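Structural description and commentary
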Amino acid sequence: PNLRGVIAGLVVMLVQIALSALAFSAPVSRVGQTKAPRAHVRASTATLVTNEVALARAADESRGLAMDGIAAAKSGHLGLPLGAAEVGAVLFGQEMSFNPADSKWLNRDRFVLSAGHGSMFLYSWLHMTGYNLPLEEVKNFRQLNSLTPGHPEFAHTDGVEATTGPLGTGVANAVGMAAAAKMAAANYNTPEHQLIDHHVFALCGDGCLQEGVSFEAIAIAGHEGLDNFILVYDSNKVTLDKMADVTQSEDTGARFKAMGWDVYDVDGHDMTQITKAVKDAKSTDNGKPKLIIANTIIAKGIDEVAGTCAGHGEAGVKFTKESRAKLGLPEELFYVSPDTKAFFATRQAEQKSAYAKWQTMFSAWKAANPEKAASLDMAIKQKVPADLLDRIPVFKPGKYATRNAGSEVLQPLATALPYYISGSADLHGSTKNLIKNGGDFSKKNWSGRNMYYGIREHGMGAMMNGFAYYGLNKISGATFLVFCDYLRGAVRVAALTHLPVTYILTHDSIGVGEDGPTHQPVEAVSALRVIPNMDVIRPGDAEETAGAFVQSVMRTDGPTALILSRQDIPTLDDIPVKTRREGVMKGAYVAIKETGPLEKIIIASGSELHLAYDVAKKLGGGIRVVSMPCMEIFERQTAAYKEEVLPASCVRRVAVEAGVTAHWWKYVGFQGKVLGTDKFGLSAPANFVFDAFGINPAGVESLVNSV
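What comes next concerns the included structure. Please read all numbers here as calculations on a predicted model, not as lab measurements.

**Concerning the sheet that holds strand 9 (residues 474-480)**
Read from one edge of the open sheet, 6 strands run 8-7-9-10-12-11, paired in parallel fashion. Only two strands of the sheet have a single partner each, and these edge strands are strand 8 (450-452) and strand 11 (535-537). Averaged over all neighbouring strand pairs, the angle between strand axes comes to 20°, with direction disregarded.

In C-alpha cells form, the structure reads like this:
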C-alpha cells in the first residue's frame with residue numbers, strides 16, 4: 001500500500017509539472033491556431049525575463065512618475081501609462097536596442113507612441129533609461145516651454161521619434177519608418193555587413209485602430225510584408241465615452257491576420273508572455289508584420305478607476321496618494337529608486353557595448369564600400385548640389401501642363417538626388433510623378449523609389465511623415481489637389497513638426513473641366529495656405545515649375561505643396577529662364593516691368609499668369625506684372641525686396657487666381673480688386689468654365705481698367 005501511495009504521489013507530481021510546462025510554453029498564440037490559456041504564474045522566467053524583479057519595480061515606478069506628473073499638471077491621461085507599464089518595462093528595459101548617448105544612432109530600434117495622449121508613459125521610460133530628459137522636466141509635464149509637452153513632439157524631446165496626438169497617425173508613421181528601414185537595408189547592407197537590421201515598434205490603443213488612417217497603413221504593411229514592424233495594441237477595452245464594446249465588436253486579431261499579419265494575444269501585465277511574444281516577433285522574418293494584443297487594465301494601480309472609462313484621463317488623480325502606497329512607493333514624489341537607477345545604468349552599459357560593436361562594423365563597411373558610404377552620407381545630410389537648377393534642361397517654347405513639366409523636371413532631379421523618392425495614391429498616370437528607371441518599392445524590390453500607396457491618401461501622408469522622421473530620404477507623394485483634405489491631418493503635423501515633405505498636387509483648379517465641381521478644388525489652395533509653416537507653390541509655366549521642384553528639395557524646415565495644372569499653359573519666353581526659376585525661390589518677382597511711370601500692378605499665379613502677361617503686353621505703358629507662385633516664401637523676404645516688387649506707392653492693383661479670393665486682398669489692398677472663383681465650379685470643358693467665371697483675357701483687362 002505504501003508503494004502504491006508513493007507511485008500515486010509521483011503521478012500527481014508529474015502531472016502538475018506537465019501542466020506547468022504547458023502553461024509556460026503557451027502564453028503566446030497566433031490567430032488561427034489553437035489558443036492556450038494565458039499563464040499568470042511568474043516563476044521560472046530566467047530564460048525570458050532576465051531580471052523580473054527589477055523590471056517589475058521599474059514598471060511600478062513608471063506608474064508613480066505618471067501619477068505624480070499628471071497630478072502636478074492637474075491634467076493628462078493616466079490610463080495608458082499605468083495600464084501599459086509592463087509593456088514599457090519589457091521594451092525599454094530589455095528587448096529594444098538603443099543608445100541614449102547617441103539617440104540618433106542609425107541602427108536603433110524606433111518606438112512610436114501612437115496613443116500620444118499617454119505621453120507620460122514615454123517620458124517616464126525615456127527618463128529612466130537615460131535619455132536627455134532630466135527629472136525636473138518630468139516634473140514640468142505640460143508646462144510652458146518644458147520638454148514634456150502634452151503630446152510627444154519630434155525634435156523637441158530627446159528620444160521622441162514622432163509627433164503623435166491625432167489617433168492612428170502614429171501607427172501609419174511607424175509603417176512609413178518600417179518601409180524606410182527596408183529601403184535603407186536594401187540600399188546599404190552587404191553580405192558582409194548588416195548595417196541596418198533594427199525593428200520599428202509602435203504602441204496603440206482602441207482609438208488608434210478605430211481611426212481609418214491606421215488601417216490604411218496596416219493594409220500596406222501587410223501587403224508589402226514589412227516584417228520589421230511590431231505593433232503592440234494596448235487592448236484595455238475602454239474608450240473615452242463608453243466601454244469599447246459600445247462602438248466596436250470586430251475580432252481585431254482576425255482582421256489583422258486577414259491582412260497578412262502575424263498576431264499574438266497575451267496578458268499585458270505578464271512580462272513573461274510579453275517577452276516571449278516580442279522575442280518571437282523580432283526573430284521571425286517571415287514577410288509578415290507583427291501585432292501583439294496586450295490585454296491590459298486601464299489605469300492599473302488606481303483601484304477606484306481601473307478598468308473603467310474614468311481611468312482614461314485625470315479622474316484618478318485624487319486617489320494617487322493611496323495608490324502609490326499600495327504600489328510600495330514612498331511618500332517622496334517623482335521617485336526612482338537607487339536599484340532602478342543601477343539597473344538602467346547596467347542596461348546602458350550593455351547597450352553601449354552593442355553600439356560600439358556596430359560602430360566597428362560601420363567603419364569596416366565604409367572602408368569596403370566607399371560609394372555606398374558617400375551615398376549614405378549624402379542621404380543623412382540631405383545634401384543638394386549647388387548647381388541643381390542648371391542640371392534641369394531648359395524647356396523648348398510651347399505649351400505644357402505644369403504636371404507634365406513636373407514629370408520632366410523630376411527625372412534629372414531624381415538623378416542628382418539618389419535619396420529622393422516619389423509615390424502616388426494610385427494616380428501616377430495622372431499626376432505624372434513617376435521616377436523613370438527608379439523601380440517600384442515592394443517586397444520584391446525594397447530599393448524601388450516609386451511608392452504605390454493605393455487609394456489611401458491619409459495613410460500615404462502619414463507614411464510620408466514616417467519616411468521623413470526616419471531621415472534618409474527626401475520624400476514626395478502625389479494625388480489630385482481636390483483630395484488633399486484626405487491627407488490634411490498628416491500635412492498639418494508635417495508643418496507643425498518642420499518635416500521637409502513634398503506634396504505634388506495636380507489638377508489644380510476649374511481647369512479640371514468636365515469632371516465638374518466635385519473635382520475642381522476652388523478652395524484647396526487657400527486651405528493649404530492657412531496652415532502655418534506650409535509653403536504652397538503654384539508655378540505659372542514650365543520654367544517656374546523647375547524652380548518650384550528645386551525649392552521643394554532645398555527646403556529643410558517644413559513641407560511644400562506643389563500645385564500643378566491639368567491643362568496646358570504657355571511658356572513665358574520673353575521672361576528670362578533664370579528670372580522665372582529663381583523668382584520662384586523668392587516667392588514673387590517682377591515678371592514684366594512697366595515701360596513708363598508705374599500706374600498699376602497685376603499679381604497672378606499658376607495658370608492665370610499668362611493671362612496677366614498677355615493683358616499687360618496689350619495695355620503696355622505703366623502696367624507691371626508680378627508673378628507670385630508662393631505667398632509664404634515672399635513673406636520671408638526682406639522688407640526692401642518686398643517693397644521693390646510691390647511698392648507701397650502703387651495702390652491700383654489687381655490679383656488673378658482661379659480659386660477663392662480671400663488671401664489676395666492682403667496684396668491688392670482696399671483700393672484693389674481680385675478676380676477668382678468664390679463659388680464651386682461647373683461641369684464643362686475647361687475653356688467654357690473659365691469663360692463662365694470671367695477668368696479670361698477680356699475679364700482680366702476689364703478688371704485692370706476698373707481700378
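Resuming the write-up.
**So, the packing of aromatic side chains**
Here the structure, examined in full by the defined rule, presents 25 aromatic pairs. Chaining the aromatic ring pairs together yields one cluster made of F92, F98, F111, F121, W125, Y131, F343 and F344. When the ring centre of F215 is taken as reference, the NZ or CZ atom of R255 above it lies at 3.5 Å.

**Observations regarding the environment of N450**
In this fold, N450 is placed in strand 8. In the structure, N450 is positioned 130 residues away from T320 in sequence and 52 Å away in space, judged by C-alpha atoms. Not counting residues up to four positions away in its chain, the partners in contact with N450 are S422, H428, N433, L434, I435, G438, G439, D440 and F441.

**Focus: helix 27 (residues 697-705)**
All of the buried residues along helix 27 are G699, V700, E701, L703 and V704. The inward-facing, buried residues of helix 27 contact strand 15 (600-604), helix 22 (609-619), strand 16 (623-627), strand 17 (653-656) and strand 18 (673-675).

**Section: empty space enclosed by the protein**
For the structure on display, the rule yields 5 cavities of 30 Å³ or more. Residue lining of the largest cavity: F92, M96, F98, R108, D109, R110, F111, L122, L126, Y131, G159 and E161, and that is the complete set. Contributions of two or more residues to the lining of the largest cavity are made by strand 1 (110-113) and helix 5 (119-129). Of the voids in this model, the second largest cavity is the one considered here, and its volume is about 60 Å³. Taken together, D206, L209, F215, Y233, Q248, E250, T252 and R255 make up the full set of residues lining the second largest cavity. Here the residues of the lining of the second largest cavity are counted per class, giving 3 nonpolar, 2 polar and 3 charged.

**Describing the pattern of salt bridges**
Inspection of every chain in the model, using the stated rule, returns 30 salt bridges. Of the charged contacts, one joins D387 and R391 as a salt bridge, the two residues approaching to 3.0 Å between their closest N and O atoms. Between R636 and D535 there is a salt bridge whose closest N-O contact spans 2.8 Å. A residue pair is termed long-range when its members are at least 10 positions apart, and R636 in the loop between helix 23 (631-635) and helix 24 (639-645) and D535 in strand 11 qualify at 101 residues. A network of salt bridges, in which partner residues are shared, links D508, R529, R538, E608 and E657.

**A few points about the side chain of T497**
One can find T497 in the loop between helix 18 (488-496) and strand 10 (502-506). On the basis of relative accessible area, T497 is assigned to the buried category, the value being 6%. Looking at T497, its side chain comes within polar contact range of the side chain of T163, at 3.3 Å. Residue contacts for T497: discarding those within four places in its chain leaves F154, T163 and Y469.

**Some points on the pairing of strand 9**
Buried residues dominate strand 9, accounting for 7 of its 7 residues. In the sheet, strand 7 (residues 420-424) pairs with strand 9 via 3 bridges, with the strands oriented parallel. Residue pairing for strand 9: S424 is matched across the bridge by A478. Examined bridge by bridge, strand 9 and strand 10 share 5 bridges and lie parallel to one another. Pairing of F480 across the sheet is with T506, part of strand 10. Taking the sense of rotation as the criterion, the β-α-β connection linking strand 9, helix 18 and strand 10 turns out right-handed.

**What about the pairing of strand 7?**
With 5 of 5 residues buried, strand 7 lies mostly within the body of the structure. Across 3 bridges, the pairing between strand 7 and strand 8 is parallel. Residue pairing for strand 8: G423 is matched across the bridge by M451.

**Re helix 11 (residues 271-283)**
Over its 13 residues, helix 11 extends 18 Å from the first C-alpha to the last, a length consistent with the 18 Å expected when each residue adds 1.5 Å. For helix 11, the set of buried residues is M271, T272, Q273, I274, T275, A277, V278 and A281. Looking at the buried positions of helix 11, the neighbouring elements they touch are helix 2 (52-73), helix 4 (85-95), strand 2 (200-204), strand 3 (229-235), strand 4 (262-267) and strand 5 (290-295). Among the residues of helix 11, the N-terminal cap falls to D270, whose side-chain oxygen and the backbone nitrogen of T272 are separated by 2.9 Å.

**A closer look at the layout of surface pockets**
The probe, sized like a water molecule, is rolled over the atoms to show the empty space still left. When its volume is computed, the largest pocket comes out at roughly 680 Å³. Around the largest pocket, the lining is made up of 33 residues, and of these I380, Y469, Y470, G471 and L472 lie nearest the centre. Broken down by class, the residue content of the lining of the largest pocket amounts to 17 nonpolar, 7 polar and 9 charged.

**Considerations on the packing of helix 2 against helix 4**
In a pair of packed helices, the angle between the axes and the distance between the axes together describe the arrangement. Two elements in contact, helix 2 and helix 4, have axes whose closest approach is 9 Å; the angle formed by their N-to-C orientations is 120°. Classified by the interaxial angle, the pair formed by helix 2 and helix 4 is oblique. Like other packed secondary-structure pairs, helix 2 and helix 4 cross with a definite hand, here right-handed. Touching L55, A59, S62 and R63 of helix 2 are A85, E86, A89, G93 and Q94, all from helix 4. Classifying every residue of the contact of helix 2 with helix 4 gives 4 nonpolar, 3 polar and 2 charged.

**Topic: the side chain of D109**
As for its position among the elements, D109 is in the loop between helix 4 and strand 1. With no salt bridge to any partner, buried D109 finds its closest opposite charge in K282, at an N-O distance of 5.4 Å. A distance of 2.7 Å separates a polar side-chain atom of D109 from the backbone nitrogen of H199.

**Considering the state of the cysteines**
This model, assessed by the stated rule, comprises 0 disulfides. C204 forms no disulfide, and the closest cysteine sulfur to it belongs to C208, at a distance of 5.3 Å. You can call C204 buried: its relative accessible area is 0%. Note on C309: no disulfide assigned, nearest cysteine sulfur contributed by C208 at a separation of 17 Å.

**Comments concerning the environment of T571**
Looking at the secondary structure, you find T571 in the loop between strand 13 (568-570) and helix 21 (577-584). Classification of T571 as buried rests on a relative accessible area of 9%. T571 sits 27 residues away from E544 along the chain, and the two C-alpha atoms are 9.2 Å apart. With sequence-adjacent residues up to four places away left out, T571 is seen in contact with K396, P397, G398, Y400, D541, A542 and R580. There is a polar contact of 2.9 Å between the side chain of T571 and the side chain of D573.

Calculation rules
- Residues numbered from 1 in each chain as written.
- Predicted model: local features only at pLDDT ≥ 70, side-chain atom pairs only at ≥ 80, totals over all residues.
- Heavy atoms only, no water.
- Pairing = 2+ DSSP bridges.
- Helix = DSSP H or I, 4+ residues; strand = E, 2+ residues; numbered from the N terminus.
- Axes fitted to C-alpha atoms, helices over the stretch in contact; angles between N-to-C directions.
- Phe/Tyr/Trp six-rings, centres within 6.5 Å; stacked < 30°, edge-to-face > 60°.
- Lys NZ or Arg CZ within 6 Å of the ring centre and 35° of its normal.
- Contact = heavy atoms within 4.5 Å.
- Buried < 20%, exposed > 50% of the residue type's maximum accessible area, 1.4 Å probe, protein only.
- 1 Å grid on protein atoms, 1.4 Å probe; cavity = no way out; pocket = protein on both sides within 12 Å on 5 of 7 lines; lining within 4 Å.
- Points joined across faces, edges and corners; volume = space filled by probe spheres on them.
- Nonpolar A, V, L, I, M, F, W, Y, C, P; charged D, E, K, R; others polar.
- Salt bridge = Lys/Arg side-chain N within 4 Å of Asp/Glu carboxyl O.
- Polar contact = N/O pair within 3.5 Å; in protein donor to acceptor, adjacent residues only side chain to side chain.
- Right-handed = clockwise from strand over helix to strand, strands pointing away.
- Expected span 1.5 Å × (residues − 1).
- Parallel < 35°, antiparallel > 145°, perpendicular 65-115°, else oblique.
- Left-handed = near helix turned anticlockwise from the far one by under 90°.
- Lys, Arg positive; Asp, Glu negative; His and termini not counted.
- Disulfide = S-S within 2.5 Å.

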